Amino acid sequence: MYTQALDAPQTPSAPTDEDERLERFQARIDADEKIEPKDWMPEAYRQTLIRQIAQHAHSEIVGMLPEGNWITRAPSLRRKAVLIAKVQDEGGHGMYLYSAAETLGVARGELVAQLLIGRAKYSSIFNYPTLTWADIGTIGWLVDGAAIMNQIPLCRCSYGPYARAMVRICKEESFHQRQGYELMLTLARGSAEQRAMAQDALNRWWWPSLMMFGPSDTDSVHTAQSMRWKIKRFTNDELRQRFIDATVPQAEYLGLTVPDPELRFDAAAGHYVHGPIDWSEFHAVLKGDGPCNRERLAARRSAHEAGRWVREAAAAYAEKHAGSARAAQAG
Amino acid sequence: MSPAAEPARATASAEDRFEYVLRLGDTSLIAAQRLGALLGHGPALEEDLAIGNIALDLLGQARLLLALAGRIEGRGRDEDALAFLRDAGQFRNMALAEQPDGDFAETIVRQCLLDAWQLETYESLAGSRDRELADIAEKAVKECRYHWRFSAGWLVRLGDGTTESHTRVRAALEKLWRFTDELLSADALDARMAVSGIGPAPALIRERWETRVSAALAEAKLERPAQRHYPWHGKRGVHTEHLGHLLAEMQFLPRAYPGVSW
Amino acid sequence: MNEDWMLYEVFIRSRSGLEHKHVGSLHAADARMALEHARDTYTRRQEGVSIWVVRSSEILASDPADAEALFEPARDKVYRHPTFYAIPEEVKNL
């Protein structure tokens, strides 16, 4: 029952009061207490959360597009069903996240509007195209794999509604990565053409997947404060390393080559060491110059515009029949 | 040929049963294919979720029915062989199912008219003498009940919403109504299936469909378009131009890389 | 023209015998749509056997600022709890 309506912003108080509040707030976080919607929270904490949750929600929604691109072309009815269920889940996850963001006093409509005018960010990975069927497997395996690495710690995030949404999302996502890997396995064990398709997809998605964890810790602007607030539990580089350590053996099992000539296993450290990431590409895609940024936003905008008369019609109908619709349900 | 003109038979021929099950299975498959393409492009996030669920239900029905058709045929074709390796002329879906999604009104009208037909058909088929078909129908009827609830709910909201939505939904209804002829006009195969106790009585389906749809149209403040004779029936393999394009897209991978598994 | 739908809170009973539990929110134009959206969004994996939806604006919530006044007075009423009472161990069935 966490609504924006219930969640009127607190009136600012005297500075001394504010310091004391901040201190008490931090003490609650340090004691691993959850912060709930109506609790006092520093404005910066609220804004950081809104930004992060919205970005996460937008990523789910935009993320429906590259995979949705293959629903009509899935090569078996079983794969088609799996893909529809997965893309639909992503819509659901977007909803859970918008729902969590709305508890912070911002309406979904506002957040969506920011996305549509190009002011909100979403995960850059979805600005890459899905060119072959193997991309669908690779997204499940790598992109969802990376997302899960990122998301599991968020289940313990200090903000209650976000943490609860993440618990639900992580539970549902467990099938996403597995189906992707299973799809890759089928291709890897298939014909030479199918294996080539799988390798090509890995070549294209490997580096963008590593970039999903965000800039290197030395360049990440938000990390320190977010970690203090327990909005973030591990640094970008820590999570990236975990992902590489988990994924490289999976690629080897598929008989595929990770497209990083410098990749090697450091036995002493127990970790893989990877070659340099091309951050100029990351920043270019982030700025809007990726292969599909325009197409993704255009698709979201067109759905929004084309749907306006539908949303208006439903609202108008509800207005006309206010009372009777509710009465019909009461029985 | 009227049902009375034919002697009642204990069993229908395998060819008839195959054809008949394809009519049901292909209709669900093609409708699922249409709805699946909408995912991520709906008028609201919540509608994407709803449409995803309906597409999954229809696809599930299609898989069961095509697998059954393959078993009846006995030539080793499974659900995927039937879905991906037949050309348009061999598809037996109702032409209504293959009609494209122009705007949300067309989607809703198509689904509404089809949902009503599927709901009544499966409700009857749940009592079919064909045990396998009856089992599938029993599962499908619950799904169809929800689909109808969704599409009829939207038909009413659009019909009784704004001037724009009313205009759009009326246009969609005018455009798609001719394809309802096929749903309700029983041909010789429908009649033989009814006589053998496998398929529903066509007159019953027509009557119940009419009642259901008329009530929804009335609530939506929409007038029922005039019925025109439209004998080009997808269920006999005579389709609109849309099906070829739909199949070209749907079947691309198995056609381009024959003989491999996915 | 208004295109914004209302915010509804969703409560799901996961199986009979259990209470409805808050699971999240959604947007809908009317109550019937809210129930259907709740079904489509929050019960995709058999999470429920019953759904409640309620307009978010109709929920009244306590203010965290009142938490002390509301909940602390219960703290010293230890005599409400069975462990408050010392009973000799030999006495059974109490």
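Because the structure is a prediction, the values reported are computed rather than measured. (Residues numbered from 1 in each chain as written. Chains lettered and ligands numbered in written order. Predicted model: local features only at pLDDT ≥ 70, side-chain atom pairs only at ≥ 80, totals over all residues. Heavy atoms only, no water.)

Observations concerning the sheet that holds strand β1 (residues 6–13) of chain C
All names here are of chain C. Going by this rule: Following DSSP output, two strands are said to pair if at least two bridges run between them. Helix and strand labels come from DSSP, where a helix needs a run of H or I of at least four residues and a strand needs a run of E of at least two; each type is numbered from the N terminus. Convention adopted: a line fitted to C-alpha atoms gives each axis, helices being fitted over their contacting stretch, and angles between N-to-C directions are expressed from 0 to 180 degrees.
Taken together, the three strands give an open sheet; going across it, the order is β2-β1-β3, and neighbouring strands pair in antiparallel fashion. Two strands bound the open sheet, and with one partner strand each, they are β2 (20–28) and β3 (50–55). With strand direction ignored, the average angle separating the axes of adjacent strands in the sheet is 30 degrees. Sheet topology places β1 next to β3; six bridges connect them, and they run antiparallel. Of the residues in β3, the one forming a bridge with I12 is I51.

Examining the interface of chain B and chain C
The cut-off we apply is this: When checking whether two residues touch, look at their non-hydrogen atoms; a contact exists if any pair is within 4.5 Å. By definition, the buried area sums, over both parts, the 1.4 Å-probe accessible area that each loses when the two are put together. Here, a salt bridge means any side-chain nitrogen of Lys or Arg that lies within 4 Å of a carboxyl oxygen of Asp or Glu. Any pair of nitrogen or oxygen atoms within 3.5 Å is treated as a polar contact; in protein, a donor-acceptor pairing is required on top of that, and neighbouring residues in sequence qualify only through side-chain atoms on both sides. Classification convention: Asp, Glu, Lys, Arg as charged; Ala, Val, Leu, Ile, Met, Phe, Trp, Tyr, Cys, Pro as nonpolar; all other residues, Gly among them, as polar.
Contacts between chain B and chain C engage 13 residues on the former and 13 residues on the latter. When chain B packs against chain C, the two sides together hide about 1,300 Å² of surface, and 51% of this comes from carbon and sulfur. The largest contributions to the chain B side of the interface with chain C come from E46, Y146 and R157 of chain B, which together make up 44% of the buried area. Between chain B and chain C we count two salt bridges in total. Where chain B touches chain C, the interface holds eight residue pairs in polar contact (both at pLDDT 80 or more). Contributing elements (two or more residues each) for the side of chain B that touches chain C: α2 (45–73) and α5 (131–159) of chain B. Residues belonging to the side of chain B that touches chain C are distributed by class as follows: six nonpolar, three polar and four charged.

Details of the packing of aromatic side chains
Threshold: Pairing of aromatic side chains here covers Phe, Tyr and the six-membered ring of Trp, requires ring centres within 6.5 Å, and sorts the geometry by plane angle: under 30 degrees stacked, over 60 edge-to-face, intermediate tilted. Buried residues are those whose accessible area, probed at 1.4 Å on protein chains only, stays under 20% of the maximum for their type, while exposed residues exceed 50% and partly exposed ones sit between those limits. In this analysis the charged atom, NZ for Lys or CZ for Arg, is taken to sit over a ring once it is within 6 Å of the ring centre and within 35 degrees of the ring normal.
According to the stated counting rule, one finds 20 aromatic pairs over all chains in the structure shown. When the ring of W177 of chain B is compared with that of W209 of chain B, the centres are 5.7 Å apart and the planes differ by 50 degrees; the resulting orientation is tilted. Highlighted residues: W177 of chain B in the loop between α6 (163–176) and α7 (180–184) and W209 of chain B in helix α9 (residues 202–219), separated in sequence by 32 residues. The burial state of W177 of chain B is the same as that of W209 of chain B; both residues are buried. One aromatic cluster is present, built from ring pairs that chain together F25, W40, Y45 and W229 of chain A. Positioned above the aromatic ring of W154 of chain B, the side-chain terminus of R157 of chain B is 5.0 Å from the ring centre. Sitting over the ring of Y146 of chain B, R39 of chain C keeps its end group 3.5 Å from the ring centre.

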